[in-house]
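Geometric and topological summary
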Amino acid sequence: MILASHGLIASLQGGFDADYQGILTYATTQGYTLPSAGQQILQNQLVLDLKTGGIWTKLDTFAVFATDGNSDFALIDWKRLSQFTAVNSPTFTTNVGFSGNSTSAYVNTNFNPSTSGVNYTLNNASRIMYGDFPSDSGYPESAAGGLDNLTRSSNNNTRQRINQGSSNVLAGPANWTGNNIFKSLNRTSLTNIEMFGNLTQTSTTATSTSISNNNQWLLAGNSAFSTSANIFKIYGMGASLVSENTDLYNALNTYITSL
Amino acid sequence: MIIVLHPNAEQYTALNGYMHNSSELLFVKDGSDRWIVGLEVLSDSNFAEIHDQLELLERIEYTPFPEI
């Protein structure tokens, strides 16, 4: 019923949003398996919702892993029309996303914020993710598997980093774990950081030092690799998205819960 | 105990960096400083072309990194 309604709207508007159509065209050119017709409508709506919320233009990289397209389609960077890379066979589950294997598997976003960041800058930056990040499940993401731009799935942990090198920690911790959760780490100034777990906001500080000159990796950090407990369903990086958080959460949550 | 695949020098050279579609094989170091890759690569259809070579890799016990 909902799909039919969305489909009617798309039909009346004369087709898909140009950027979403560009994603489908890119995938077709690459020979990837496209999502089902119903899911294409949902994904088109996701792009429209991100645009309505003023979010789309602030993202530099964005991928939706939760899809019934194939794993190659799941790894499309919707903003750059290029590919994330599945390194050493992270597990892809249809309509869910990618998870790790504890030993060697990860996803390379192929996005280096130092050389490719446009909206993502030293003191105005965000990393957004939707998925399963339960407590004590390690390091969901980092710059090239190291300590820069690291997040930690552990309650009351201060080792969450965005443009603050490999040693600076947060002045105050945040509970930032859970399953089917939206998380974002936003740097809004030289010192200020705003974290969101769904719609719950935590403000803290950590002085920025530099933008990491490495690709951001998912399912890896601190020289270790995530267990299967960490599951990435959606991921993105761009400018700070604090005032847009409610619209961002609603757009992503609407998509995920519609699958 | 987790079992992983460990290449010798010749196998490392032959397989490291193999790419097909959006998948890539890149050996990583374990906590004992040995090049390894998880068994999941054996069932990855994007690695079908090198499956027989992957099956020849030594199976060893994975050494995790110490928690910091």
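Read on for a plain summary of the structure. Source: prediction; values computed, not measured. (Residues numbered from 1 in each chain as written. Chains lettered and ligands numbered in written order. Predicted model: local features only at pLDDT ≥ 70, side-chain atom pairs only at ≥ 80, totals over all residues. Heavy atoms only, no water.)

What follows concerns the interface of chain B and chain A. The interface is formed by 22 residues belonging to chain B together with 21 residues belonging to chain A. For the pair chain B and chain A, the summed buried area comes to about 1,600 Å², and 48% of that belongs to carbon and sulfur atoms. Linking chain B to chain A there are zero salt bridges. Here chain B is connected to chain A by nine residue pairs in polar contact (both at pLDDT 80 or more). When contributions to the side of chain B that touches chain A are tallied by element, the ones reaching two or more residues are strand 3 (23–24) and strand 5 (35–38) of chain B. Residue contributions to the side of chain B that touches chain A peak at three residues, all from strand 5 of chain B. The class makeup of the residues in the side of chain B that touches chain A is 13 nonpolar, five polar and four charged. Where strand 4 (residues 85–87) of chain A and strand 3 of chain B come together, two bridges link them in parallel fashion. In the sheet register, Ala86(A) faces strand 3 of chain B, and the bridge partner there is Ser23(B). (Contact = heavy atoms within 4.5 Å. Buried area = accessible area lost by both parts, 1.4 Å probe. Salt bridge = Lys/Arg side-chain N within 4 Å of Asp/Glu carboxyl O. Polar contact = N/O pair within 3.5 Å; in protein donor to acceptor, adjacent residues only side chain to side chain. Helix = DSSP H or I, 4+ residues; strand = E, 2+ residues; numbered from the N terminus. Nonpolar A, V, L, I, M, F, W, Y, C, P; charged D, E, K, R; others polar. Pairing = 2+ DSSP bridges.)

Glancing now at the environment of Gly17(B). All names here are of chain B. Structurally, Gly-17 is set in the loop between helix 1 (9–15) and strand 2 (19–20). For the pair formed by Gly-17 and Lys-29, sequence separation is 12 residues and the distance between their alpha carbons is 15 Å. If sequence neighbours within four positions are ignored, Gly-17 has contacts with Glu-24, Leu-25 and Leu-26.

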